[in-house]
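# Structural overview
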Amino acid sequence: MPELLNMSRELNELKKNLKEASVYIVAESLNIDATSFEPSFSSTEFAIQSMLECLKNNELGKAIRQIRQCRKLWPNDIFGSSADDEVQTLLNIYFRHQTLGQTGTYALVGSNQNLTDICTKLMDLNMEIRDMIRRAQNYRVVSTYLPDSSVSGTNL
């Protein structure tokens, strides 16, 4: 039986910390030239790897600065555009990397509802779907025979 992995708590915490770092960077950019923090990446793969390292090492301000630089280098790519939310884009990249090759992992981020209630409902729905699939697999295919259209009449 497959298990579900809930990453909601981890991603909600990361989101909260990234939002705080983002506010700090805005205040910092008023006082310091931000270009001194911008690295140059040779490929999107190196950029993603660097951002993931920053997220893992809790260097959240650096990750936000990097995504801004990547949006300049590769507009409308995996890093989104300047109109997209930086925090959400970083969360998407992090979630995709953490779940690479796995199935059954989910995260609910930014919901105003109690996540426990939502998770319980999702689990209930998952159980119902599993039961429906199990019942459908137990049905036998019954062949029906239609009368031959070449026969014009029948005699009894």
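Worth saying up front: this structure is predicted, and the values here are computed from it rather than measured. (Residues numbered from 1 in each chain as written. Predicted model: local features only at pLDDT ≥ 70, side-chain atom pairs only at ≥ 80, totals over all residues. Heavy atoms only, no water.)

Grouped together as the largest cluster of nonpolar side chains are 25 residues, with contacts concentrated most on Leu18, Met51 and Phe79. Elements with a minimum of two residues in this core: helix H1 (8-29), helix H2 (44-56), helix H3 (60-73) and helix H4 (86-98). Broken down by element, the residue count for this core peaks at six residues, all from H2. Those residues in contact with Met51, other than ones at most four positions away along the chain, are Ala63, Gln66, Ile67, Cys70, Phe79, Leu90 and Ile93. (Core = buried A, V, L, I, M, F, W, Y, C linked by side-chain atoms within 4.5 Å. Buried < 20%, exposed > 50% of the residue type's maximum accessible area, 1.4 Å probe, protein only. Helix = DSSP H or I, 4+ residues; strand = E, 2+ residues; numbered from the N terminus. Contact = heavy atoms within 4.5 Å.)

Note on placement: Asp84 falls in the loop between H3 and H4. Sequence spacing of Asp84 and Arg71 is 13 residues, and the spatial spacing of their C-alpha atoms is 10.0 Å. Look past the residues within four positions of Asp84 in its chain and what remains in contact with it is Arg71 and Thr89.

We now examine unusual backbone geometry. Of note in the backbone geometry, Asn58 takes a positive phi value of approximately 60 degrees without being a glycine. With respect to the helices and strands, the residue Asn58 is situated in the loop between H2 and H3. The exposed category is assigned to Asn58, whose relative accessible area is 55%. A positive phi angle, close to 60 degrees, is found at Asn76, a residue other than glycine. Examined against the element boundaries, Asn76 turns out to sit in the loop between H3 and H4.

Turning next to the packing of H2 against H3. Put simply, H2 and H3 touch, their axes get as near as 8 Å, and they point 160 degrees apart. Viewed along their axes, H2 and H3 adopt a mutual orientation that is roughly antiparallel. Where H2 crosses over H3, the handedness of that crossing is left-handed. Each of Ala47, Ser50, Met51, Cys54 and Leu55 in H2 lies in contact with H3, whose residues at this interface are Leu60, Lys62, Ala63, Gln66, Ile67 and Cys70. The residue makeup of the contact of H2 with H3, split by class, is eight nonpolar, two polar and one charged. (Axes fitted to C-alpha atoms, helices over the stretch in contact; angles between N-to-C directions. Parallel < 35°, antiparallel > 145°, perpendicular 65-115°, else oblique. Left-handed = near helix turned anticlockwise from the far one by under 90°. Nonpolar A, V, L, I, M, F, W, Y, C, P; charged D, E, K, R; others polar.)

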